[in-house]
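Coordinate analysis (summary)
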Amino acid sequence: MMTGMTMAGQELSQPMTPAPYLVREVAKETPDTFTLLLQPENGGAASSSVNPADHKLFEPGQFSMVWVFGVGELPISISGDPAKQDRLVYTVRSVGKATHALVSQNVGAGIGVRGPFGTGWPVDEARGQDLVIVAGGIGLAPLRPVIYHVLSHRQEYDRLVLLYGARSPRDLLYRKELATWARQRDTQVLITVDYGGLSWRHHVGVVTTLFKYARLRPTRSVAMLCGPEIMMRFVARDLEAHGLARNQIYLSMERNMKCAVGFCGHCQYGPHFICKDGPVFRYDQIAPLMDKYEL
Ligand SMILES: Cc1cc2nc3c(=O)[nH]c(=O)nc-3n(C[C@H](O)[C@H](O)[C@H](O)COP(=O)(O)OP(=O)(O)OC[C@H]3O[C@@H](n4cnc5c(N)ncnc54)[C@H](O)[C@@H]3O)c2cc1C
């Protein structure tokens, strides 16, 4: 196991050592997706095991390595409010052994957390501009901290446009919040589903079908995308067709990973490691890689 570097007797970084956390809340979002609220076992503020001296707990878009004892460790994006320093919030879709074990934890259970890791969304660079957020399914989770940040610093940003697609109405995350966000000033929230059913009164179709309703101002926008890779490929192309340059578009990539600090090589993506050069990339950095299937 890697040990932390020390300087003047102070531990500066322990990226491989999980910090002990307790599950405080588990909330059902959809039939297979749950949001967990974790707090440090010893009370007090949550901490960054990467740099304890850093006052920021995490940057919107970063992820943790979450350890379910006796089962395994998995990368999960932080989906909570970056201003709330006493907690870490994760929204997890149960797709296999580790995610199922994580969403099945009871309140009071112990969980190990490493991180936060990776690059964040460019919330500072986006100041003064419109934000166009495009999410598919669980992809809204890593973008929710950006929405919290923008809404609590409203005067620093221009228009907020959220385009969100899910498989069906019952797969929509954060329903109450979506309704609250839609009522905020200079904010447009458009939602679509693949299959609506009889009682669905909103849009039906893939998320790109929402572009015709979106109030886009391409020359003054920064776009942030997260969802299935095929969806991000089409959304990025459509944004370009609407006049955004590749360097105005950011997307979050997902690959299997183990160490999260660039050693194991599991998440190599061309010349990049998703864990430390990503998960958030600017589109012009990875567009040629995204056209290569199997990579
Ligand atoms: C940076 C990053 C952030 C993530 N954030 C979230 C999040 O906020 N919420 C969430 O629910 N999930 C997130 N994931 C995905 C999550 O880590 C995987 O779903 C999880 O590792 C699957 O483990 P498992 O044992 O439950 O499933 P497994 O039994 O390992 O796999 C079940 C299925 O999921 C696929 N899979 C496994 N791992 C991954 C992976 N890393 N990426 C894509 N597909 C995978 C497998 O191919 C298989 O089809 C993130 C992944 C990364 C890399």
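Just so it is clear, the model here is predicted, and its values are computed rather than measured. (Residues numbered from 1 in each chain as written. Predicted model: local features only at pLDDT ≥ 70, side-chain atom pairs only at ≥ 80, totals over all residues. Heavy atoms only, no water.)

Time to look at the site of the ligand. Looking at the ligand, there are 18 residues lining it, with Pro75, Thr91, Arg93, Ala98 and Thr99 nearest. A distance of 2.9 Å separates an oxygen atom of the ligand from a polar backbone atom of Ala98. Measuring from an oxygen atom of the ligand, one finds a side-chain N or O atom of Thr99 at 2.4 Å. Protein chains shield 69% of the accessible area of the ligand, which is 870 Å² for the free molecule. Counting only elements with at least two residues in the shell around the ligand, the list comes to β6 (72-77), β7 (88-93) and α1 (97-103). Grouping the constituent residues of the shell around the ligand by class yields nine nonpolar, five polar and four charged. Counting contributing residues, the shell around the ligand receives three or more from each of domain 1 (6-117) and domain 2 (130-289). (Near = heavy atom within 4 Å. Polar contact = N/O pair within 3.5 Å; in protein donor to acceptor, adjacent residues only side chain to side chain. Areas by Shrake-Rupley, 256 points an atom, 1.4 Å probe, with all protein chains shown as cover. Helix = DSSP H or I, 4+ residues; strand = E, 2+ residues; numbered from the N terminus. Nonpolar A, V, L, I, M, F, W, Y, C, P; charged D, E, K, R; others polar. Domains from an automatic or database assignment.)

A few words on the domain arrangement of the protein. Each domain of the protein was delimited in the assignment, giving domain 1 (6-117) and domain 2 (130-289). Each of domain 1 and domain 2 was reduced to a C-alpha centroid, and the two centroids are 22 Å apart. With 27 residues of domain 1 at the contact, the number on the domain 2 side is 22 residues. Contact between domain 1 and domain 2 buries roughly 1800 Å² in total, counting both sides, with carbon and sulfur atoms accounting for 65%. Put simply, domain 1 and domain 2 have one salt bridge between them. Note that Arg167 and Asp32 form a salt bridge whose closest N and O atoms lie 3.7 Å from each other. Counting every contact that joins domain 1 to domain 2 gives five residue pairs in polar contact (both at pLDDT 80 or more). Put simply, the parts of the chain that give the side of domain 1 that touches domain 2 at least two residues each are β3 (19-30), β4 (33-40), β5 (63-68), β6, β7 and β8 (110-117). Ranked by the residues each element gives to the side of domain 1 that touches domain 2, the list is headed by β7, at four residues. Looking at the side of domain 1 that touches domain 2, its residues break down into 13 nonpolar, eight polar and six charged. (Contact = heavy atoms within 4.5 Å. Buried area = accessible area lost by both parts, 1.4 Å probe. Salt bridge = Lys/Arg side-chain N within 4 Å of Asp/Glu carboxyl O.)

Here we come to the layout of surface pockets. Taken as a whole, the second largest pocket holds about 270 Å³ of empty space. Lining the second largest pocket are 15 residues, with Thr35, Leu37, Val89, Arg144 and Tyr148 sitting closest to its centre. Those elements that provide at least two residues to the lining of the second largest pocket are β3, β4 and α2 (144-152). Both of domain 1 (6-117) and domain 2 (130-289) provide at least three residues apiece to the lining of the second largest pocket. (1 Å grid on protein atoms, 1.4 Å probe; cavity = no way out; pocket = protein on both sides within 12 Å on 5 of 7 lines; lining within 4 Å. Points joined across faces, edges and corners; volume = space filled by probe spheres on them.)

Once that is clear, we can look at the packing of aromatic side chains. Inspection of the entire model under this criterion finds two aromatic pairs. Both rings, one in Tyr148 and one in Trp181, keep their centres 6.4 Å apart while their planes meet at 80°; by these two values the pair is edge-to-face. Of this pair, Tyr148 sits in helix α2 while Trp181 sits in helix α3 (residues 175-182), and the two are 33 residues apart along the sequence. Here Tyr148 matches Trp181 in class, with each residue buried. For Arg144, the ring lying beneath its charged end belongs to Tyr174, and the centroid distance is 3.9 Å. Above the face of the Phe234 ring, Arg237 is positioned so that its terminal group lies 5.7 Å from the ring centre. (Phe/Tyr/Trp six-rings, centres within 6.5 Å; stacked < 30°, edge-to-face > 60°. Buried < 20%, exposed > 50% of the residue type's maximum accessible area, 1.4 Å probe, protein only. Lys NZ or Arg CZ within 6 Å of the ring centre and 35° of its normal.)

The subject of this paragraph is the nonpolar core. Counting residues in each nonpolar core, the largest one holds 39 residues, and the members touching the most others are Leu163, Leu225 and Met253. For this core, the elements supplying multiple residues, two or more each, are β5, β9 (130-136), β10 (160-166), β13 (221-226), α4 (229-241), β14 (249-252), α5 (274-277) and α6 (283-290). Looking at which domains feed residues into this core, each of domain 1 (6-117) and domain 2 (130-289) supplies at least three. Within the second largest apolar cluster, 32 residues are counted, among which are Ala135, Ala141, Leu162 and Val280. (Core = buried A, V, L, I, M, F, W, Y, C linked by side-chain atoms within 4.5 Å.)

Turning to its location among the elements, Leu225 is positioned in strand β13. In the structure, Leu225 is positioned 104 residues away from Trp121 in sequence and 9.7 Å away in space, judged by C-alpha atoms. When neighbours within four sequence positions are excluded, Leu225 is seen to be in contact with Trp121, Val134, Leu143, Met232, Val235, Ala236, Leu239, Ile249, Tyr250, Leu251 and Ser252.

Tracing the chain through its elements places Thr192 in strand β11 (residues 187-193). Polar side-chain contacts of Thr192 include one of 2.8 Å to the backbone oxygen of Gly205. Those residues in contact with Thr192, other than ones at most four positions away along the chain, are Tyr164, Gly165, Ala166, His203, Val204, Gly205, Val206, Val207, Thr209 and Leu210.

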